[in-house]
Amino acid sequence: MGSVDGLISGMSTSSVISGLMQVEAAPQNALKTKITTQQKVVTAYQGINAKMKGLLDAAKVLTDPTAWKGGVATSSSDAATATTTASSATQSGSLTFRVNKLAASHSVVFGTPVDATTDTIMSDPSFVIDVNGVPKTVNVADPSLKGVVDAINKTPDLGVKATAFQVSPGKYTMQLTSTTTGALSKFEFPNGNTSPFTALGNVTPVSEGADAELAVGDSATPLLVTSSTNTFKDLMGGLTVTATKKQLETDPPVTVTVASDTEGIAAKVQAMVDAANTALSEIGTQTKNKSGAVAGGPLAGNSIMSSVSSSVLNTVSGGTSAGGSFKEIGIELTRSGTLTFDKAKFIAALNADPEKTQALFADTAQTDVTLKTGLADRMAAVADKSTQTNTGTLSRLITSGNDAITDLNHRVDDWDVRLQARQATLQKQFGAMETALGKLKNQGSWLSGQLASLG
């Protein structure tokens, strides 16, 4: 039941109800404020968690032995290029050789041109071709040059492709070429290499299938290294050499050199230090206390996050397992609670003793992860303890915070129902009041009329 706003009483009943509802909604508004605060807390935890995951990833790179075995390869000649694979145990050193041969595909051409579509070039419905001594059959539905080319190119795993090309206007012949390079790419026809394509005339060699060849050592009695392609994989551990041109006898030999990739390794260490500082900075921002007009962070005074920050710093301040300092490999703590990295000092230590330097970061001799003492091992353990799904410190705090937000939202929803019911009650009560006042007014008017009639 409702009434026109204040029609009888003369007061704004809707304004009165609105004011009363604001009082009634105070507990719900308090819950909404709690949700906003809790969301800021969860967002802060998520930000720290992301930065700690970045630290975990950067530290794990240095715990992988392959991170320390990269090399930089150079070549003294454009006759060959040299590359290394980052994941390979690249061997440092140099190798000198000459490029005697490049790998070649086997190829032949036929001497008599024909009309590509009307002339019949073979009489049998199929023919055999030996590829590296293995006979393979090609079935031919159309005996024209075009039909034969199509049949060859559509035969799976044949190892040979055909091309028809124009010799003079309207006259074509065919070239056959192996699909691979190397000595094993050779092919021929059986029966003395007699061609089944009688109309195309004799078979003329274009190129002989051949391996690429490097000559290592004395020019009179060199050691010959061969490859079916121009690429020689793992010529030295982790080194790949690609021959690009055959050398003349007067050309100087090629020398490829592989040196340890100290710059690349240093960059990985720098990445871990940067990730640690980023995580420390994020924790500092989220946990800072209020100072004057400057607001504090959502996690101000949070002892758990202070503990995480201390754990990161302790990986360095704790020193090496032998009781030394990480300063010898260029990593130190500052008074402001950050890490610094001296790249030059690190590279000097790496060049002087690669194994010792690696061991200070990654304890590969220890199989128990919890007992590893390398700096990267420790960093990874601290970050993993914080971020591990479901069980990590930050993961549990984020889950707990989200659960609290869900519970608060349910309570807010309950208050929505309660407030709707309360508003309906107030509207009904004020409506009834207006109706009652209206009746009283009508009765008063009637009585006044009666009294007036008596006088």
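Structure: see above.
These numbers come from a predicted model, not from an experiment.

Ranked by internal contacts, the top residues of the largest apolar core, which has 61 residues, are Met-52, Met-272, Phe-346, Phe-361 and Met-379. Once residues lying within four places of it in the same chain are set aside, the contact partners of Phe-346 are Trp-68, Ile-265, Ala-266, Val-269, Ile-329, Phe-341, Thr-357 and Phe-361. Core analysis: the next-biggest nonpolar cluster, separate from the first, contains 25 residues, Ile-121, Ile-129, Ala-151 and Met-174 among them.

The next thing to look at is the sheet that holds strand β15 (residues 254-260). Here 5 strands make up an open sheet; going across it, the order is β1-β15-β3-β11-β12 and the pairing antiparallel. Looking at the sheet topology across the chains shown, the edges are occupied by β1 (71-75) and β12 (223-227). Going across the sheet, the axis of each strand differs from the next one's by a mean of 30°, ignoring polarity. Across 5 bridges, the pairing between β1 and β15 is antiparallel. By the bridge assignment for β15, Gly-71 is matched with Ser-260.

Attention shifts here to the pairing of β12. Taken together, the 5 bridges between strand β11 (residues 212-216) and β12 define a ladder with antiparallel strand orientation. Looking across to β12, one finds that Ala-212 is bridged to Ser-227. Counting the residues that bridge the hairpin from β11 to β12 gives 6 residues, and of these Gly-217 lies at a positive phi of roughly 100°.

Below, the discussion takes up the environment of Leu-56. Its location among the elements puts Leu-56 in helix α2 (residues 26-63). Considering only alpha carbons, one finds Leu-56 and Asp-384, 328 residues apart in sequence, at a separation of 6.4 Å. Aside from chain neighbours lying at most four places away, what touches Leu-56 is Ala-380, Ala-383, Asp-384 and Thr-387.

Thresholds, definitions, all that
- Residues numbered from 1 in each chain as written.
- Predicted model: local features only at pLDDT ≥ 70, side-chain atom pairs only at ≥ 80, totals over all residues.
- Heavy atoms only, no water.
- Core = buried A, V, L, I, M, F, W, Y, C linked by side-chain atoms within 4.5 Å.
- Buried < 20%, exposed > 50% of the residue type's maximum accessible area, 1.4 Å probe, protein only.
- Contact = heavy atoms within 4.5 Å.
- Pairing = 2+ DSSP bridges.
- Helix = DSSP H or I, 4+ residues; strand = E, 2+ residues; numbered from the N terminus.
- Axes fitted to C-alpha atoms, helices over the stretch in contact; angles between N-to-C directions.

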